[in-house]
Amino acid sequence: MPLTGHATAAGTTRYRSRFSESAAPNHFRSQQQLLLSSIGIGTYLGSADQTTDENYANAVVRTVQLGANVIDSAANYRFQRSERSIGHALTSLTQDLGFSRDELVVCTKGGYLPFDGAPTRNVREYIEETFVKPGIANFDDFIAGSHCMTPDYLQNQLDQSLRNMNLECVDVYYIHNPESQLGHVSDSEFYSRLGAAFERLEQNRNQGKLRMYGVATWNGFRVTTESREYHSLEQMVELASKAGGEAHGFRFIQLPFNLAMPEALELRNQTVNGEQLSSLEAAEALGVTVIASASLLQGRMARTLPDTIRESLGSLPTDAQTAIQFVRSTPGITTALIGMSNVDHVEGNLQLVRVEPMDEDFSQLFS
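Notes on the structure in this doc start here.

A tally of helices and strands in the protein yields 12 helices and 12 strands. Since a compact globule built from 367 residues should have a radius of gyration of about 21 Å, the 20 Å found for the protein is in line with a globular shape. The buried share among the 367 residues of the protein stands at 55%. For the protein, the proportion of contacts with a sequence separation of at least 24, taken over those separated by at least 6, is 76%. Accessible surface, the protein: about 15200 Å² in total, of which carbon and sulfur atoms supply 44%.

A barrel is described by the order of its strands in space; here eight strands give the closed sequence β3-β4-β5-β6-β7-β8-β11-β12, paired in parallel fashion. Each strand axis lies, on average, 25° off the axis of its neighbour in the sheet, ignoring direction. Sheet topology places strand β3 (residues 39-42) next to strand β12 (residues 335-339); four bridges connect them, and they run parallel. Its bridge partner being in β12, Gly-42 is matched across the sheet by Gly-339. Contacts from helix α5 (residues 151-165) reach β5 (105-110), β6 (170-176) and β7 (210-216) within the one sheet, and its direction differs from that of β6 by about 135°. The strands that helix α7 (residues 233-244) touches are β7 and β8 (250-256); relative to β8, the one it contacts most, it runs at about 150°.

Let us now look at the nonpolar core. Leu-90, Ile-175, Leu-194, Phe-198, Phe-250 and Ile-253 are the most contacted members of the largest nonpolar core, which totals 86 residues. Ranked by the residues each element gives to this core, the list is headed by helix α6 (residues 187-206), at six residues. In contact with Ile-253, other than residues within four places in its own chain, are Tyr-174, Val-215, Phe-221, Leu-233, Ala-283, Val-288, Thr-289, Val-290 and Ile-291. Val-70, Val-172, Ala-216 and Ile-291 belong to the second-largest nonpolar core, a separate cluster that totals 13 residues.

Take the packing of helix α3 (residues 81-95) against α5 next. Following both chains from N to C, one finds α3 and α5 inclined at 45°, their axes separated by 7 Å at the closest point. By the angle between their axes, α3 is oblique relative to α5. Contacts between α3 and α5 involve Glu-83, Arg-84, Ile-86, Gly-87 and Leu-90 on the former and, on the latter, Ser-161, Asn-164 and Met-165. Of the residues that constitute the contact of α3 with α5, the class distribution is three nonpolar, three polar and two charged.

So, about the packing of aromatic side chains. Overall, the coordinates contain 16 aromatic pairs when judged by the stated rule. Plain terms: the ring middles of Tyr-213 and Phe-250 are 6.0 Å apart, the flat faces sit at 65° to each other, and that makes the pair edge-to-face. One end of the pair, Tyr-213, is in strand β7; the other, Phe-250, is in strand β8, with 37 residues separating them in the sequence. When sorted by exposure, Tyr-213 lands in the same class as Phe-250, which is buried. Counting every residue linked through ring pairs, the aromatic cluster contains Phe-79, Phe-115, Tyr-126, Phe-131, Phe-142 and Tyr-153. One residue, Arg-124, lies across the ring of Phe-139, its end atom 3.9 Å from the ring centre.

This brings us to the pairing of strand β11 (residues 289-293). Counting buried positions along β11 yields five of five residues, so the element is predominantly enclosed. A two-sided burial pattern is seen for β11, the buried positions comprising Thr-289, Ile-291 and Ser-293 on one face and Val-290 and Ala-292 on the other. Note: β8 against β11, five bridges, orientation parallel. Bridging from a neighbouring strand, Gln-254 pairs with Ile-291 of β11.

A word on unusual backbone geometry. Phi at Gln-33 is positive, roughly 65°, even though this residue is not glycine. Among the structural elements, Gln-33 can be located in the loop between β1 (28-31) and β2 (34-37). Residue Gln-33 is classed as exposed on the basis of its relative accessible area of 69%. Even without being glycine, Phe-79 reaches a positive phi, approximately 55°. Inspection of the secondary structure puts Phe-79 in the loop between β4 (70-72) and α3. Given a relative accessible area of 23%, Phe-79 falls into the partly exposed group.

Moving on to the pattern of salt bridges. Under the definition given, this model contains 18 salt bridges. Across the pair Glu-202 and Arg-205 runs a salt bridge whose closest N-O atoms are separated by 3.0 Å. Of this pair, Glu-202 and Arg-205 both sit in helix α6, separated by three residues, roughly a single helical turn. With a relative accessible area of 5%, Glu-202 lands in the buried category. Between Asp-319 and Arg-310 there is a salt bridge, with its nearest N and O atoms 3.0 Å apart. Owing to a relative accessible area of 12%, Asp-319 belongs among the buried residues under this scheme. The partly exposed category is assigned to Arg-310, whose relative accessible area is 22%. Taken together, the shared-partner salt bridges in this structure form one network comprising Arg-14, Arg-18, Asp-102 and Glu-103.

About the criteria used
- Residues numbered from 1 in each chain as written.
- Predicted model: local features only at pLDDT ≥ 70, side-chain atom pairs only at ≥ 80, totals over all residues.
- Heavy atoms only, no water.
- Helix = DSSP H or I, 4+ residues; strand = E, 2+ residues; numbered from the N terminus.
- Rg over C-alpha atoms; globule rule 2.2 N^0.38 Å.
- Buried < 20%, exposed > 50% of the residue type's maximum accessible area, 1.4 Å probe, protein only.
- Contact = heavy atoms within 4.5 Å.
- Areas by Shrake-Rupley, 256 points an atom, 1.4 Å probe, with all protein chains shown as cover.
- Pairing = 2+ DSSP bridges.
- Axes fitted to C-alpha atoms, helices over the stretch in contact; angles between N-to-C directions.
- Core = buried A, V, L, I, M, F, W, Y, C linked by side-chain atoms within 4.5 Å.
- Parallel < 35°, antiparallel > 145°, perpendicular 65-115°, else oblique.
- Nonpolar A, V, L, I, M, F, W, Y, C, P; charged D, E, K, R; others polar.
- Phe/Tyr/Trp six-rings, centres within 6.5 Å; stacked < 30°, edge-to-face > 60°.
- Lys NZ or Arg CZ within 6 Å of the ring centre and 35° of its normal.
- Salt bridge = Lys/Arg side-chain N within 4 Å of Asp/Glu carboxyl O.

By themselves, these are just geometric observations and shouldn't be taken as functional.
Have a look at this one:
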C-alpha cells in the first residue's frame, strides 16, 4: 500500500519542533503554508547500481534525521532508481524511525525519457514499446528524441513516479526543463503546450495525486529575454491562473543558483506588472517559491574557493559549507538542494542546520 497523505502545515511544524534546540533561526522557512528546510537533498548523480541505490536511501534517511525535510528527484535520475531509493527511505522513515509523511516535502519531475533501471541500446524501440504502442505519446511528441510534455505523457510519468516512491501524493511536481522544447517550436506553440500540461496537472491536484506544481529549469530563468530558451514567469502564472483559477497550483520553480551562476539574483530579465525584476524578485512578487539546484555545481563549488569569498561568508570549516551558506542565505531562495549519496557528506553539509543563514547583500561578490 502506498504512503497516504502529503506535507501539511501541522506536519512540517511538528518536524521543525524536533529540532527546536538545535536548528538555527531561519533554517526553516514558511512557504505555501508549509515549513521547508533551507537545505534539501538532491538525487541526480551516481551509478545505476544497487550499491548507489542503497547509498541514496541511507543518505535520504540521514538527511531527514539531521533536520532537512525537502527531498528532490526526477523520473530520469539514474533511470528511475533515485525515485525508488527515495521510496525505500520513506518506508524506513515512516515505518521504523517515527517520522510521518506529513512532515516531509517530496518533489519530483517529469519530461525526459526515464528508461527503466539502466540505459537502453535502442531508444526508438523503447519509445515505441513504452509510449507509442500503448497510445501514451507519438514519436513526434518527443523533442530531440528525449523530451515530451504532452498531458498524457506527463500523466504516465506522474503515475510512475508515485509508484516508484510508494506515494499516494507528491508535494511538488515539476515539468523538467521545458526550455528543451523552445529550440524546436515557436513561443506561441510552447506556451500552448505548457498551458495544456498545466491543465492536466490541475486535474491531478483535484484528484489528490499532487499538491503543487511548477517548472524545473536549467537556462529558462537565467538567460536574457532575447534567448530562445527564455521563460517569462509572469506568462507562466497567467497560464496557471487560466487552468486553475486564482487558487492554482503553480507555486514552485527550480533553477540553478550558486557562486558561479548568480543570474537569478543579478539579471533583471523578468517583467511583472510592467516592472523589470530579477527572477528571484519576480517569483516573490508572483507568490512562487524558488528552490535552488546545483548549489555546489556538481562539486565544483566545494573546493578552492578564494579566501575573500570564504571570509565574507563566515569562514566556515569547508568550502562546501561556504558555498551552501551563500545559496541558502540569498534573499528569495527557500531551499538549497545538495546532491548527496554519501552519509558522510550529509553529516558534513548538514552541520549548517545549526548555523544561522547570513543576512547580507551579496551583490558585491559579483561586482
